[in-house]
Each structure stands twice: as structure tokens, then as C-alpha cells.
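# Chains, contacts and geometry: an overview
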Amino acid sequence: MKRPSFSSLSLQGKILLAILSFSLPLLIIVCHLVYTGQNKQIDFAEQELRGNALQRPLETLFQQLSEHARAATRMASGDKTSRADVDLLRTKIDQSFDAVAAALQIHGEALEFTPTGLKDRGREQASFDAVKDKWRKYSADVDRLDAASIQERLRQVNEGIRAMIAHLGDVSNLVLDPDLDSYYVMDVTLLALPQAQERLGNLILTGGQILAKPALTQEDRIQLAVQAGLIREADMDRIRNSLQTAFNEDVKFGGVSPTLKRHLEPALAEYLAASAFLVETLNTVVASETAAVPAATFVEAGLRARAASFVLWDRAAEELDVLLTIRRDGLASDRNLDLTILGGCLLAVGVVVTWSVRRYIARPLNVLSDTLNSAAEQTFVASEQIGAASQSLAESASEQAASLQETSASLEEFTSMVKRNAEAAQRAKELAGHTRSAADTGATDMREM
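Summarised in this report is the structure supplied together with it. Given the structure is predicted, the values throughout are model-derived calculations rather than measurements.

## Regarding the overall build of the protein chain
The number of helices and strands found in the protein chain is nine helices and zero strands. Each helix (α) and strand (β) of the protein chain, taken in turn from the N terminus, gives the series α-α-α-α-α-α-α-α-α. The buried share of the protein chain, reckoned over its 449 residues, is 34%. Considering only intrachain contacts with a sequence separation of at least 6, the fraction spanning at least 24 residues in the protein chain is 82%. Summed over all atoms, the accessible surface of the protein chain reaches about 25700 Å², with 58% contributed by carbon and sulfur.

## Details of the packing of aromatic side chains
Two descriptors summarise a pair of aromatic rings, namely the distance from one centre to the other and the angle between the planes of the rings. Tallying each qualifying case throughout the model produces four aromatic pairs. Arranged with centres 6.0 Å apart and planes meeting at 55 degrees, the rings of F97 and F128 form a pair that is tilted. Here F97 is found in helix α2 (residues 82–107), whereas its partner F128 is found in helix α4 (residues 128–141), with 31 residues between them in sequence. In this structure, F97 and F128 share a single accessibility class: buried.

## As for unusual backbone geometry
One non-glycine residue, E112, lies in positive phi territory at about 60 degrees. Residue E112 is classed as partly exposed on the basis of its relative accessible area, which comes to 28%. In this structure, N173 is a non-glycine residue whose phi angle is positive, near 75 degrees. Take N173: it is sitting in the loop between α5 (147–171) and α6 (180–211).

## Overview of helix α7 (residues 218–249)
Over its 32 residues, α7 extends 45 Å from the first C-alpha to the last, a length consistent with the 46 Å expected when each residue adds 1.5 Å. Remark: the principal bend of α7, roughly 30 degrees, maps to M236.

## Thoughts on the packing of α7 against helix α8 (residues 260–287)
Following both chains from N to C, one finds α7 and α8 inclined at 165 degrees, their axes separated by 10 Å at the closest point. Relative to α8, α7 is oriented roughly antiparallel. As for the relative orientation of α7 and α8, their crossing is left-handed in sense. Residues of the contact of α7 with α8, tallied by class, amount to 20 nonpolar, three polar and six charged.

## Some thoughts on the nonpolar core
Of all hydrophobic cores here, the largest spans 83 residues; its most connected members are L54, I161, M164, I239, L243, L278 and L312. Looking at this core, the elements with two or more residues in it are α1 (11–76), α2, α4, α5, α6, α7, α8 and α9 (295–448). The contacts of M164, once residues within four sequence positions are left out, are L58, V100, L104, F113, A126, F128 and V131.

## Observations regarding the environment of W135
On the secondary structure map, W135 appears in helix α4. Note: C-alpha distance between W135 and L154 (19 residues apart in sequence) is 7.6 Å. When residues no more than four places from it in sequence are discounted, the contact partners of W135 are L65, H68, R90, I93, D94, F97, L154 and V157. Within the local environment of W135, its side chain forms a polar contact with the side chain of D94, the two groups lying 2.9 Å apart.

## So, a nonpolar patch on the surface
A cluster of nonpolar side chains, I222, V226 and L230, forms an exposed patch at the surface whose accessible area comes to about 230 Å². Position of L230 among the secondary structure elements: in helix α7.

## Some thoughts on the side chain of S242
Checked against the element boundaries, S242 lands in helix α7. Residue class for S242 comes out buried when judged on its relative accessible area of 5%. A distance of 3.0 Å separates a polar atom in the side chain of S242 from a polar atom in the side chain of D187. With residues up to four places along the chain from it excluded, the contact list for S242 reads Y184, D187 and V188.

## Quick word on the pattern of salt bridges
In this structure the tally under the stated criterion is 28 salt bridges. Among the ionic pairs, R83 bridges to D87, the shortest N-O distance being 3.3 Å. Remark: D87 and R83 occur in helix α2; sequence separation between them is four residues, near one turn of the helix. Measuring nitrogen to oxygen at the nearest pair gives 3.1 Å for the salt bridge that ties D179 to R327. With a gap of 148 residues between them, D179 in the loop between α5 and α6 and R327 in helix α9 connect regions that are remote in the sequence. Of the two residues examined, D179 and R327, each falls in the buried class.

## Focus: the packing of α4 against α5
Here α4 crosses α5 at 160 degrees, and the two axes come no closer than 9 Å. On the basis of their axis angle, the class for α4 and α5 is roughly antiparallel. The element α4 and its partner α5 pack so that their crossing is left-handed. The segment α4 lies against α5, with F128, V131, K134, W135, K137, Y138 and D141 engaging I150, R153, L154, Q156, V157, G160, I161 and M164. A class-by-class count of the residues in the contact of α4 with α5 yields nine nonpolar, two polar and four charged.

Definitions and limits used
- Residues numbered from 1 in each chain as written.
- Predicted model: local features only at pLDDT ≥ 70, side-chain atom pairs only at ≥ 80, totals over all residues.
- Heavy atoms only, no water.
- Helix = DSSP H or I, 4+ residues; strand = E, 2+ residues; numbered from the N terminus.
- Buried < 20%, exposed > 50% of the residue type's maximum accessible area, 1.4 Å probe, protein only.
- Contact = heavy atoms within 4.5 Å.
- Areas by Shrake-Rupley, 256 points an atom, 1.4 Å probe, with all protein chains shown as cover.
- Phe/Tyr/Trp six-rings, centres within 6.5 Å; stacked < 30°, edge-to-face > 60°.
- Expected span 1.5 Å × (residues − 1).
- Bend = angle between axes of the 7 residues up to and from the residue.
- Axes fitted to C-alpha atoms, helices over the stretch in contact; angles between N-to-C directions.
- Parallel < 35°, antiparallel > 145°, perpendicular 65-115°, else oblique.
- Left-handed = near helix turned anticlockwise from the far one by under 90°.
- Nonpolar A, V, L, I, M, F, W, Y, C, P; charged D, E, K, R; others polar.
- Core = buried A, V, L, I, M, F, W, Y, C linked by side-chain atoms within 4.5 Å.
- Polar contact = N/O pair within 3.5 Å; in protein donor to acceptor, adjacent residues only side chain to side chain.
- Patch = residues over 30% accessible without salt bridge, like charges linked within 9 Å, V, L, I, M, F, W, Y side chains within 5 Å.
- Salt bridge = Lys/Arg side-chain N within 4 Å of Asp/Glu carboxyl O.

Printed below as a string of C-alpha cells:
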């Protein structure tokens, strides 16, 4: 089968092909820019979702370690009933480490939890293997440790977990979140609440020990007053303001979450109420010369505030997932819509160009072509007529040339005849001269005689 060539195309086809050859590269570039630009934002949101997926088992691990520290401290202080809690929490913590390992298996490379990725950022302490090794060694030694050693060893494990959370926050783009609603929810889950939970865990241990004394020193009251101020300003105010900003900004970014306010407001209220009660308890202790609040009452208030903080964290992490998913899906929808609109525009432009070429370019050119073809046919007919006339003229010229040749021959013969006649006349003249001379001579001779 013979392939169609450019010369076999119609005039309209040739024009459209020429337009397409110039416009197609530009269209490809535009589509590429739209696609890659939208994909970059989608990938950004996907990376945040990876970070949040790893943050959740780490936060659970952080919670369990704090509970284990309290139970192990009671056990080291002689409370035999705490042994069951220690063993149960140890099993849960091992399971949580497995959950973290599973999350790292999926997202670890993308989140740069590799030896090279951690080394480049100077965060070797955030290595999962290093953190788990510290826990494994502590778990093997816990039965032989005193309360101070338990707290120190678990502090080292917690530092590793906090380093892992800080690392995932940086490499997952969570700390660079572009939308104010998800940014402030991220601030609560990744920064504010872990800080508050660590502060509450330390306060429960140290505050319980302080209140176990028969009388408080000035340093004890100052320490508790400072903790109360930090809980109120660095934790409560920050978390309240961040979530309120997220509620206010939700309608302006990436689509409204139907559950953000409904799920977080009750958990926030419970956390603020429990934390406020703890602060009031601390203020009561600080204002008294003696331990006006029993240690058990204080520890219970601290545990309530801490438990409420983890409930709030879990709800906030879920809502962060919702916000990030809404943004990602919205960006994907916008990308598809943009490409669809672009394709529709290209189709419309193609139809308009085709119609315009046919109406304003191809049709006049076809008319001109037809006119030129008609003129060419007329020229061809005229050229044939001229050719025929030329042939006839050539034949006439040939005949005239023959006649001229015959006339020339006759003239040559006539000239030759005239020449012979002239020569004969010349000879006659000469004979006449000779005759006359002879006559004159004869006459002379006669006279002389």
C-alpha cells in the first residue's frame, strides 16, 4: 500500500499540517508545565502524608514509654503490684516498635531514614536501630535499675524518638505545610503536643516526689510555679491558638474538612480543662507553705491532663490526614480539570482554525487555483493554436523559400544570358570597330590612290 505523501494532500490539509507542526511543540510544553506543576504540589502533599503515617506509631510509642517510666519507677520504689503493668507495657512497646519498623519499611527511604540521610543531617541519634537497641538494653536491665537510672535510661530512648519525630517533620515537608489550616494542626501534632506531653511526664514524676515531702522548700515552689507557667503559656495557649487558627482558616484552603471542628473542639476542651485543673493544683501547692495537695491527687490531675493530651493528639493526627488528603485529591482534581480544559481549548482552537482555514484561506486559494487552472487551459489552447499557425507559417515560408530558390535560379540563368549577350555585343562592337578601321583605312587608301 502506497503511503500518502505531502504532495498528495489537499491544500487545506497542507495548511493544517503546517500549523500543527509549529503549534504542537508549544502545546506539548504547556501541557508539560501544567502537569509537572500540579504533580509537584501533589507529591508535596503525599510526602506530608508519609510523615504523618510515621508520626502516629512514634507518638504511640512515646506515650507508652512515659507510662512505662511511671510504672517502672513505682516498681523500683518497692511497689510489687506495678510489676504486671511493667510487663504489659513492655509487650505493648515491643509491638509499637514493630509498628514503627513496618511504617519505615514503607516510607523510610522516602523520608530519608537511611544511614546516609541521617548522617547528612547530623541525626545519627534518630536511627531506628539505635533507638530500639537502647530500649532493648534497658528492657533487659529494668529489673536491676533504681528509679533514677530508669528515668535516665528512658530519657535517652525518648530523646531518640523525639529526634525521629523532628527528622520526619523536616524531610516530610510537614513543617513547610503551605495551608494555614493543616499547618497549625501540624504544629499541634508534631511540635506543641509532644512538648506538652514530655513536660507533663516529667512533672508527674518530679511533682509527685516533691509533694511526698512533709514540707516544700522555696526551690520546690519555684520549680512548680515555673512548670505551671509553662503549661499555661507554652502549652495550653499555643495549642488553643493554633487549633483556633486552623478552624478559622479551614474554609480558605484546599476545601473544607467536615470533621475538623466537630472532632477537635471536644478533645481540645477536655485537654484545656484538664490542664487548667492541673495548673490550679500547682498554684495551690505553690501558695502553701506545706504540701496542701496530696501527692496522689496531684499525680491524678497530671495523668488526666496527659491522657487528654494524647486523645487530642490522636484526633488531631486523624484530622491532619483528612486535611492533607483533601488537599491532595483537590490538587489531583484541579490537575485533571486543567488538562481537560486545556484539551477542550485545543479542540476548540483546532475546530476554529480548521473552519477559518477552510473559509478564509483554503476556499479563496481554491478559487484562485481554479482560475489559474482555467487560465492555464486557455493558455494551452492558445499555445496549440499558435503552434498550428507557426506550423502553417513555417510551411508557407518553406514554399516561399522554394519559389525564391526557383526565382534565384531563373535570375542566375537570366544573368548568364545577359552576360553572354553583353559579351556578344562587345565582340560585335569590336568587330564593328575593326570593320570601321578597315573601312577608314580603305578610304584613306582610296584617296591616296
